[in-house]
Amino acid sequence: MPGDVSDIGMSDDLSPGLEKRLRQSAEDTAGTGRPDQDCLTELRTSGLLATAVPREYGGVGGDASAVNRVVERLACLNPSLAIMAFQHFAVTSRIVEWGTTEQKSALLPRLADGVYLAASAWSELGAGAAKRLLSSTADRRPDGTWVLNGAKSFTTSASVADLYLVLVRTDGPAPGTDTDTGYGAAGQTFFLVPAGNPGLATDLSLDLVGMRGSATGFVSLRQCVVHDTDRLGPQGRAAQIIAGVRESGATLGAVALGVAQAALELLVDHFRRGGQLDRPVVRDRLVGLATEVESARAVVERAGRRSAPDPGTATLHSKLHASAVAERVCLEVAGMLGSTGYNTGSAVNRLLADARAVALMGPTNELCRELLAAAWQG
Ligand SMILES: Cc1cc2nc3c(=O)[nH]c(=O)nc-3n(C[C@H](O)[C@H](O)[C@H](O)COP(=O)(O)OP(=O)(O)OC[C@H]3O[C@@H](n4cnc5c(N)ncnc54)[C@H](O)[C@@H]3O)c2cc1C
């Protein structure tokens, strides 16, 4: 059955040994703040990166439900790896939707077999969460090539990705003057830039509180020359592509869900080891937390099924709800662990920081609320 996680043999791919290594890597990278290359190699060779690639290009042909389930499963073990996979799936899906025949043939098989890991470089300091005030530019030269210049911030998988989907200003109204879609602006264009381009440089000097193994850093474009065939989608109309992203049903809520599940499992394990699972007060609070996690699962699954009357609205709600649940669950787990949790060695503190990151990621929760409220105004 296409689109089902069983279709990609997840239970085989995530063997107990691999699960253990991914968990351990989450702990290790929380300390180092650097990506774990061995763990990334495991991800690249796991077959999971093929999830969003259509079968005719060597992929699994998974739908948004499949993407959300893979991301949730990864997030439960290693949230940093999950956001890297999420960005990979997002770029893959944009190429499936908007790529030319040549781009699809050249890129999708490599994105499926893990030779290519993809990253999104949209954010910039000062651009605003809605990316309306981009400073990065692309200028067309007489020979038809483009020259990209600018500085991108908060790019997940910076330095480890092989392909970057960058958002730049090309033509159209002055930045910030149009108000059409609420995310992105007219006159912005996407380009696919390979890591080997001499005009692209990465920098991992960001020292994030959470998602510390995600290689979230800076990408700078200096006289970065690309061909018009590297443009993804119509010139000046990236906002239209961005507006379609939430319609897909793939949601960062899946990351939050995996984090919340991991925190809950941590707490259950703590009480089990302490022989306290039969205490009524413990049972009562554990069931309360488990119910919250289930509510997050329900909204993430609904977004992935695209069964709501407005799938885009369901996707935004899923991110808002699941990220709020993840933060609440992690906080309550930290409290219930008592002084055991108030220890740098306790995974709950890492999970709490990772949960916070989801709310800050695009579209940020505040921007999600703006987009939802704007829908009421038509
Ligand atoms: C762990 C992590 C990974 C990330 N990975 C990526 C990535 O791979 N690629 C990428 O391009 N970006 C990435 N980002 C950036 C993210 O997507 C946000 O767009 C970016 O962080 C916005 O920056 P800010 O919160 O500083 O926004 P600011 O624009 O400085 O906003 C400040 C505050 O105002 C709110 N705000 C701003 N504009 C609006 C608006 N129009 N409506 C409502 N509220 C608004 C914001 O939500 C925020 O609370 C990542 C961020 C994090 C934390």
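For clarity, every value in this text was computed on a predicted model and none was experimentally measured.

### Re the overall build of the protein chain
The helix and strand inventory of the protein chain stands at 12 helices and 8 strands. The C-alpha radius of gyration of the protein chain comes to 20 Å, within 12% of the 21 Å expected for a compact globule of 378 residues. The dimensions of the protein chain, computed from C-alpha atoms along their principal axes, are 75 × 45 × 45 Å. Evaluated residue by residue, the protein chain yields a buried proportion of 49% over its 378 residues. At a minimum sequence separation of 6, the contacts of the protein chain that also span at least 24 residues come to 76%.

### Concerning the site of the ligand
Surrounding the ligand, one finds 22 residues, the nearest of these being Trp122, Thr156, Gly362, Thr364 and Glu366. When residues of the shell around the ligand are traced back to their parent elements, those giving at least two are strand 1 (118–121), strand 3 (146–155), helix 11 (347–360) and helix 12 (365–376). Counting residues per element, the shell around the ligand draws most heavily on helix 12, which supplies 3 residues. The class makeup of the residues in the shell around the ligand is 11 nonpolar, 9 polar and 2 charged. The two domains that each donate at least three residues to the shell around the ligand are domain 2 (120–237) and domain 3 (251–376).

### Side note on the packing of helix 9 (residues 280–305) against helix 10 (residues 311–337)
One can describe the packing of helix 9 onto helix 10 by two numbers: an axis separation of 8 Å at closest approach and a directional angle of 160°. One element, helix 9, and the other, helix 10, form an angle in the roughly antiparallel class. In this structure, helix 9 meets helix 10 at a crossing whose hand is left-handed. Contacts between helix 9 and helix 10 involve Arg285, Leu289, Glu292, Val293, Ser295, Ala296, Val299, Val300, Arg302 and Ala303 from the first element and Ala314, Thr315, His317, Ser318, His321, Ala322, Val325, Arg328, Val329, Glu332 and Met336 from the second. Taken together, the residues of the contact of helix 9 with helix 10 break down into 11 nonpolar, 5 polar and 5 charged.

### Let's talk about the environment of Gly244
Relative to the elements of secondary structure, Gly244 occurs in helix 7 (residues 238–245). Look at Gly244 and you get partly exposed, because 16 C-beta atoms sit within 10 Å. Sequence separation between Gly244 and Val60 is 184 residues, and the spatial gap between their C-alpha atoms is 22 Å.

### A short note on the domain arrangement of the protein chain
On domain assignment, one finds that the protein chain holds domain 1 (5–117), domain 2 (120–237) and domain 3 (251–376). For domain 2 versus domain 3, the distance between C-alpha centres works out to 31 Å. Looking at the side of domain 2 that touches domain 3 residue by residue, the classes come out as 6 nonpolar, 3 polar and no charged.

### A look at the nonpolar core
With 110 residues, the main nonpolar core has Ala85 and Ala256 as its most contacted residues. With sequence-adjacent residues up to four places away left out, Ala256 is seen in contact with Ala296, Ala322, Ser323, Val325, Ala326, Ala355 and Val358.

What counts, and where the lines are drawn
- Residues numbered from 1 in each chain as written.
- Predicted model: local features only at pLDDT ≥ 70, side-chain atom pairs only at ≥ 80, totals over all residues.
- Helix = DSSP H or I, 4+ residues; strand = E, 2+ residues; numbered from the N terminus.
- Rg over C-alpha atoms; globule rule 2.2 N^0.38 Å.
- Buried ≥ 20, exposed ≤ 12 C-beta atoms within 10 Å, placed from the backbone.
- Contact = placed C-beta atoms within 7 Å.
- Near = placed C-beta within 6 Å.
- Nonpolar A, V, L, I, M, F, W, Y, C, P; charged D, E, K, R; others polar.
- Domains from an automatic or database assignment.
- Axes fitted to C-alpha atoms, helices over the stretch in contact; angles between N-to-C directions.
- Parallel < 35°, antiparallel > 145°, perpendicular 65-115°, else oblique.
- Left-handed = near helix turned anticlockwise from the far one by under 90°.
- Core = buried A, V, L, I, M, F, W, Y, C linked by C-beta atoms within 7 Å.

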